[in-house]
Amino acid sequence: MTATSNNASTIEAPGLDWRRQIRFSAIGALSCAFIALAGMPVGLNGRSIIQPVLSMGYLSLLWVPFVLASLAGSQVVLEGMTERERDSKDLAAGALVGLGCALGLAVLMILVQNFNLRDPLVNWSPQLLDLLSFGRSTTLGVLLWTALGTIFGVLGGAMHVVPGGMRRKTLTVALSVLTVSVLETFLTDLLEGFGLEVFTDFIYYKRGGLEVAGALLVAVLAIAIPLLVGTRITAVRTRVQEMPASERSRVNLVLLAVSAALLLVLPFFLGKITNELLANVGLFVLLALGLNVVVGLAGILDLGYVAFFAVGGYTTAVLTSPNSPGFSPQLPWPVALIVVITLTGIVGLFIGAPVIRMRGDYLAIVTLGFGEIIRLLFLSDWLSGWFGGAQGITNIPGVDVGIGVVKGTDPRSVFLLVLVFCAIAIYISWRLEHSRLGRAWMAIREDEDVAEAMGVNTTNTKLMAFVVGAVLASFAGAIFSAKVGSIFPTSFLMLVSIIILVVVIVGGMGNIAGVIVGALVLIGVLGGPKQPGLLQEFSQFKLLIYGALLVWMMLKRPEGLVPNVRRSRELHQEEFLQDAWLRGEIDADDEENES
Amino acid sequence: MNMLQILDLSVTFGGLHALRNLDFQVEEGEIVSVIGPNGAGKTTFFNMISGMVTPTSGDIIFEGESLLGLDPSQVTERGIARTFQNVRLFANMTILENVMVAQHCRTDQRVFGALFQTKAFKSEEKAIRQYGEEVLSFFGSRLTGYRLEQPASMLSYANRRRLEIARAMATRPRLLLLDEPVAGMNPRESAELTALIGRLRSEWGFTIVVIEHDMSVVRNVSDRVVVLDHGETIAQGSYDHVANDPKVIEAYLGRPAQDELAGEEASS
């Protein structure tokens with residue numbers, strides 16, 4: 001590549017694209033109306049973010065003009081193009097987008113006032129109108145929304161105008177306040193464990209949400225903490241990076257040990273609710289790790305993964321519960337676990353054998369079918385002599401570990417048990433990924449025919465992925481049934497499979513850390529299929545948010561929150577190759593590599 | 001003794017005879033070129049040997065045993081490896097991983113070894129890695145060094161073709177099937193690869209069957225040339241013999257024009 005002189009060949013960037021702004025304001029209008037009609041403002045209004053200034057209900061609408069305006073103003077800067085000067089035009093553009101959003105709400109308000117469409121649209125209610133007009137007249141509501149929409153739109157547009165440092169600080173403050181407010185139950189619980197109620201009492205309002213003073217304190221801390229320790233952290237980081245590889249791995253090992261120890265100690269400082277929540281998250285981490293082996297590593301899209309969870313759960317129930325209708329050996333849990341693992345592995349083989357002969361869409365649909373078949377078998381009258389049909393199996397004892405019994409009424413012990421099994425599952429996935437088997441899975445994911453032609457027995461290798469996935473799910477099943485104490489077919493709906501898959505996709509397919517992050521974010525914050533998360537108010541909108549998040553992820557970040565290197569390479573191959581080419585790492589010409 | 005023997009083999013796709021009553025032998029240590037116009041059935045011929053296509057009738061005998069009914073992976077295990085005409089690497093795996101995964105059928109550590117990091121597992125991993133690097137270093141410094149950890153998609157076209165050969169070599173075959181190894185390479189690169197094909201036999205002891213369109217390569221590497229057209233062998237023998245065979249010339253260039261037509265052309 002010949003070096004291009006900087007000035008000669010740069011191209012003037014195109015000016016502000018007004019059409020794009022108008023398109024975004026239309027999108028904003030529709031989104032606001034949709035959110036309002038989905039019932040989010042009314043449903044979430046009970047929870048306040050900053051008492052009494054901002055509630056979650058209003059926030060569910062206010063973020064729209066801000067985010068859309070800032071998205072509308074963003075522009076791809078290509079190599080060799082000058083960046084456009086940002087000026088007041090951007091603010092105007094932001095205002096336009098904000099006005100669009102406000103217009104959507106205004107039209108909605110007027111319609112709600114004059115017509116009654118409650119039959120098809122359940123949330124077409126006086127409460128909605130009341131909320132949108134701030135409890136006053138519609139005219140005032142329209143005016144206020146116009147003002148608010150414009151202000152938030154301008155703020156969104158301003159994100160491109162203000163210097164980067166200030167933008168980062170503002171966003172940090174806003175996000176910290178939001179996070180601290182959202183994590184209220186968790187933080188209160190945690191700080192109470194350390195005897196720091198004074199702090200939480202100060203920042204949180206009694207019935208939820210931050211106090212104004214508390215919000216200010218959080219904002220100050222969000223700016224001050226990075227200033228105080230930021231430089232030190234970067235210094236430590238560079239020092240670690242300069243270390244030789246052996247020493248660096250020792251540092252990593254120490255870090256790992258410390259965080260493991262912290263995790264083990266953590267439950268003793270947490271209350272019941274938080275422990276319960278973390279135990280649920282842990283169960284989904286286990287399930288997601290298992291599915292990750294099947295989908296992320298071997299590339300088999302299994303939509304019926306809940307089947308193995310169900311088999312694990314039911315087997316444990318039958319083997320340990322005195323109320324098991326057919327066969328009731330009342331084994332202790334650890335003994336039962338061995339049988340459970342073996343049996344679920346065998347079920348994995350039996351379901352896998354016919355399924356892996358198919359590929360792609362067909363395979364996904366067949367696994368979906370098998371997932372339902374297993375649930376229906378447990379539900380059926382035919383097998384109710386064994387599994388109790390719709391009545392399920394109750395009175396499942398906890399896990400006797402010698403020093404105590406792990407059962408649902410003591411969420412702390414459940415969390416610790418889950419933690420141990422998560423560690424085992426992480427170890428299994430990690431070791432297998434970096435072994436002969438893991439390489440074969442990767443090769444199959446890349447190109448199954450070629451893998452087969454290169455001597456990989458694809459049938460056995462794919463079956464092995466199914467079995468490993470099934471075994472990891474059986475851990476979750478065994479703990480689940482000991483935790484809940486009873487088991488019913490309704491715990492194993494298809495939705496569970498889908499949610500596990502969403503956790504894997506959103507977190508980052510093929511990446512262990514990604515899967516854990518995915519479970520923390522989705523199950524921890526939003527809640528699982530039946531378990532509430534930190535945002536309990538969100539439970540009725542959970543699936544809506546899951547769906548929206550999935551669509552957004554697929555469009556903008558298909559590799560997930562914490563991506564697997566290979567996957568993001570695959571999904572962004574062109575960008576990746578261009579970057580490599582610019583860095584001069586691609587052998588564009590063979591001659592120069594001749595040695 | 002013949003290493004590979006193909007007896008009266010036919011492959012039909014619906015009504016299309018991709019290969020028709022083919023007889024073919026390769027002797028141990030031979031380099032045989034298979035040539036023929038597009039659509040002559042050359043790649044089908046490879047697909048069938050490597051087990052990706054099941055023949056309609058006939059038999060394939062490799063080292064005295066029939067390959068019929070074996071999966072592609074089993075064929076590879078018997079000692080036949082191939083490359084693909086349209087390079088099919090595992091593009092997102094690193095160069096080293098590409099040759100490591102190809103040793104799958106020569107290694108046998110399973111879940112247990114990986115989980116408990118047994119001695120056998122560790123030594124096998126090390127051996128896989130070493131052999132992979134050895135295979136790669138056959139191509140000079142192009143595929144070694146810092147490149148080992150780079151994804152295969154970052155290689156230049158010619159290097160991808162080389163890596164494909166390396167991957168096939170890593171399966172420790174006795175018979176190597178190369179499908180158009182120099183397609184898309186410049187003359188210099190193809191001359192170099194021609195020399196490499198010779199070294200694959202002399203240094204690694206592979207028997208090689210190569211499909212190629214580039215006649216200079218065919219002339220330089222092959223002991224024997226087999227010409228396919230419409231799924232049938234129309235000629236075989238030394239390069240010079242085949243190059244002058246009227247049937248071959250006809251297959252490539254078409255039938256000489258009719259007399260009267262030729263006359264007209266001559267007068268005009």
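Sequence order sets the numbering: in each chain, residues are counted from 1 along the sequence as written. For naming, the first written chain is A and the first written ligand is 1, with later ones following in the order written. The model is predicted, so local features are restricted to residues of pLDDT at least 70 and side-chain atom pairs to those at 80 or more, both for listing and for counting; the totals for chains, interfaces and linings are taken over all residues. To get the side-chain values, all heavy atoms of the structure are used, and hydrogens and water are removed first.

What follows covers the environment of B:Glu65. All names here are of chain B. You can see Glu65 is positioned in strand E5 (residues 65-66). Residue burial is assigned from relative accessible area. The probe radius is 1.4 Å, only protein chains are included, and a residue is buried under 20% of its type maximum, exposed over 50%, and partly exposed in between. Residue class for Glu65 comes out partly exposed when judged on its relative accessible area of 46%. The sequence separation of Glu65 and Phe112 amounts to 47 residues, and the corresponding C-alpha distance is 33 Å. Whether two residues are in contact is decided by their heavy atoms: any pair within 4.5 Å suffices. If sequence neighbours within four positions are ignored, Glu65 has contacts with Ile60 and Arg78. Helix numbers and strand numbers start at the N terminus; a helix is a DSSP run of H or I with at least 4 residues, a strand a run of E with at least 2.

This paragraph deals with the sheet that holds strand E1 (residues 2-13) of chain B. Residue and element names in this part refer to chain B. Strand pairing is assigned whenever DSSP identifies at least 2 bridges connecting the two strands. The strand order E2-E1-E4-E5 describes an open sheet built from 4 strands, whose pairing is antiparallel. Each edge of the open sheet carries a strand with a single partner, namely strand E2 (16-27) and E5. Sheet topology places E1 next to E2; 8 bridges connect them, and they run antiparallel. Its bridge partner lying in E2, Val11 is registered against Leu19. Strand contacts of helix H1 (residues 42-49): E1, E2 and strand E4 (57-62), with the helix running at about 115° to E1, the strand carrying the most contacts. Orientation is described by axes fitted as lines to C-alpha atoms, over the contacting stretch for helices, and by angles from 0 to 180 degrees between their N-to-C directions.

Residue and element names in this part refer to chain A. Take the buried Ala, Val, Leu, Ile, Met, Phe, Trp, Tyr and Cys residues and link them wherever side-chain atoms come within 4.5 Å; each set so joined is a nonpolar core. Ranked by internal contacts, the top residues of the largest apolar core, which has 143 residues, are Leu132, Trp333, Leu432, Trp441 and Ile479. Broken down by element, this core gets its largest block of residues, 16 residues, from helix H12 (residues 272-297). Leave out the neighbours within four places in its chain, and Trp333 touches Thr316, Thr320, Val399, Leu417, Phe421, Ala478, Ile479 and Ala482.

Its domain assignment divides chain A into domain 1 (12-161), domain 2 (164-242), domain 3 (272-493) and domain 4 (567-595). Domain borders in the structure are assigned automatically or taken from a domain database. The C-alpha centroid of domain 3 of chain A is placed 38 Å from the C-alpha centroid of domain 2 of chain A.

With that out of the way, let us pick up helix H22 (residues 512-526) of chain A. All names here are of chain A. The terminal C-alpha atoms of H22 lie 21 Å apart, and with 15 residues this matches the ideal 21 Å at 1.5 Å per residue to within 8%. Residues of H22 that are buried: Ile512, Gly514, Val515, Gly518, Ala519, Leu522, Ile523, Gly524 and Leu526. Looking at the buried positions of H22, the neighbouring elements they touch are H12, helix H17 (411-433), helix H21 (494-507) and helix H23 (542-556). Pairing of N or O atoms within 3.5 Å defines a polar contact, subject to two protein rules: one partner must be a possible hydrogen donor and the other a possible acceptor, and residues neighboring in sequence count only if both atoms are side-chain atoms. Where H22 starts, the residue carrying a side-chain oxygen 2.9 Å from the main-chain nitrogen of Ala513 turns out to be Asn511. Multiplying 1.5 Å by the residue count of a helix minus one yields the expected span of that helix.

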